[in-house]
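This is what each chain is made of:
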Amino acid sequence: MTIVDRTAPTDHDILDVLQARWSPRAYEPVEIDEALLAKALEAARWSPSAYNAQPWRFVVARRGTEAFDRIVASLAEFNRMWAPNASVLVLAIAEIANEEGRANPTAVYDLGQAVAHLTIQAHADGLVVHQMSGFDAAAAAEAFGLEDRLQPVTVVALGSLGDAEALDAMLREREHAPRARKPLSEIVLAS
């Protein structure tokens with residue numbers, strides 16, 4: 001397997017786990033280490049949320065299960081090219097209104113924090129994560145019988161890093177492309 005250094009070329013020192021985190025598409029089709037999956041979900045559970053509402057819900061689907069196949073069926077064609085090799089696909093859901101119907105305007109933001117915590121914990125433990133917006137949220141909601149107040153926001157591929165050389169040419173090129181981010185001067189509006 002060809003190993004590529006994907007460490008981010010940061011302008012300032014940040015935590016090693018943040019600098020090393022990236023979103024691969026090459027996954028080794030192996031079973032997930034259940035203890036590491038539990039740690040990643042526990043990290044998500046302890047993320048902050050407005051009013052401690054904890055408006056995140058997850059469908060955790062292991063490869064080879066019906067739930068996994070339902071999530072794969074909701075993916076955009078591009079993501080179906082690589083995501084089925086992941087050990088686990090997680091449908092990340094925001095509870096945008098409580099059971100009484102009161103809207104939670106920060107639910108998607110809070111879910112994002114939970115997924116970020118899951119991502120960093122997984123990466124720190126040697127797993128890799130790739131978050132995808134390329135999926136049919138309505139199809140995913142229907143596949144799992146979700147109430148209208150539960151909004152699918154993203155699908156997360158989770159597992160062990162695979163060999164990028166096994167990907168098709170277009171995906172392999174993306175896997176090896178240099179990492180880049182906008183400079184702070186473009187994203188900080190006032191300081």
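Residues numbered from 1 in each chain as written. Predicted model: local features only at pLDDT ≥ 70, side-chain atom pairs only at ≥ 80, totals over all residues. Heavy atoms only, no water.

**Regarding helix α2 (residues 34-45)**
- With twelve residues, α2 should reach 16 Å at 1.5 Å per residue; the first-to-last C-alpha distance of 16 Å fits that figure.
- All of the buried residues along α2 are L36, L37, A40, A43 and A44. Buried residues of α2 fall within an arc of 120° about the axis and therefore sit on the same side.
- Close packing links the buried residues of α2 with β2 (56-62), β3 (88-95), α5 (107-124) and β5 (150-161). (Helix = DSSP H or I, 4+ residues; strand = E, 2+ residues; numbered from the N terminus. Expected span 1.5 Å × (residues − 1). Buried < 20%, exposed > 50% of the residue type's maximum accessible area, 1.4 Å probe, protein only. Arc of directions from axis to C-beta. Contact = heavy atoms within 4.5 Å.)

**A look at the packing of α2 against α5**
- At a minimum axis separation of 7 Å, α2 and α5 run at an interaxial angle of 145°. Read as a crossing pair, α2 and α5 show a hand that is right-handed. Each of K39, A40, L41, A43 and A44 in α2 lies in contact with α5, whose residues at this interface are A114, H117, L118, Q121 and A122.
- Looking at side-chain class alone, the contact of α2 with α5 contains seven nonpolar, two polar and one charged residues. (Axes fitted to C-alpha atoms, helices over the stretch in contact; angles between N-to-C directions. Left-handed = near helix turned anticlockwise from the far one by under 90°. Nonpolar A, V, L, I, M, F, W, Y, C, P; charged D, E, K, R; others polar.)

**What to know about the pattern of salt bridges**
- The tally for this structure, following the rule as stated, stands at nine salt bridges.
- With a closest N to O distance of 3.0 Å, R57 and E95 form a salt bridge. In this pair, R57 is assigned in strand β2 and E95 in strand β3, connecting sequence segments 38 residues apart.
- In this structure E95 comes out as buried when scored by relative accessible area, which is 12%.
- Its salt-bridge partner being R149, residue E147 comes within 3.0 Å of it at the nearest N-O pair. (Salt bridge = Lys/Arg side-chain N within 4 Å of Asp/Glu carboxyl O.)

**Structural notes on the nonpolar core**
- If you look at the biggest cluster of nonpolar residues, it comprises 27 residues, and the most contacted ones within it are W82, L89, L91, M132 and V155.
- For this core, the elements supplying multiple residues, two or more each, are β2, α3 (66-74), β3, β4 (128-132), α6 (137-143) and β5.
- The dominant element in this core, judged by the number of residues it contributes, is α3, at four residues.
- Grouped together as the second largest cluster of nonpolar side chains are 20 residues, W56, V88, V90 and A122 included. (Core = buried A, V, L, I, M, F, W, Y, C linked by side-chain atoms within 4.5 Å.)

**Side note on the pairing of β5**
- Note: strand β1 (residues 27-28) against β5, two bridges, orientation antiparallel. Bridging from a neighbouring strand, E28 pairs with S160 of β5.
- When β3 meets β5, the two strands line up antiparallel, connected through eight bridges. Its bridge partner being in β5, V90 is matched across the sheet by V156.
- Here β4 pairs with β5 via five bridges, running antiparallel. By the bridge assignment for β5, H130 is matched with A157. (Pairing = 2+ DSSP bridges.)

**Section: the side chain of T154**
- Counting through the fold element by element, T154 comes out in strand β5.
- If we skip the residues at most four places from it in the chain, T154 touches V90, L91, A92, Q131, M132, S133 and F135.

**Regarding the side chain of D110**
- Checked against the element boundaries, D110 lands in helix α5.
- One buried charged side chain, D110, makes no salt bridge at all; its nearest oppositely charged neighbour is R57, positioned 9.9 Å away.
- If we ignore the near neighbours within four places in the chain, the residues touching D110 are P48, S49, A50, P55 and W56. (Lys, Arg positive; Asp, Glu negative; His and termini not counted.)

**A word on the layout of surface pockets**
- As a volume, the largest pocket reaches approximately 470 Å³.
- Lining the largest pocket are 16 residues; nearest its centre among them are A8, P9, T10, D11 and R181.
- Listed by contribution, the elements that provide at least two residues to the lining of the largest pocket are α1 (16-20) and α8 (184-187).
- Residues of the lining of the largest pocket, tallied by class, amount to eight nonpolar, three polar and five charged. (1 Å grid on protein atoms, 1.4 Å probe; cavity = no way out; pocket = protein on both sides within 12 Å on 5 of 7 lines; lining within 4 Å. Points joined across faces, edges and corners; volume = space filled by probe spheres on them.)

Spatial relationships are all this shows, so hold off on functional conclusions.
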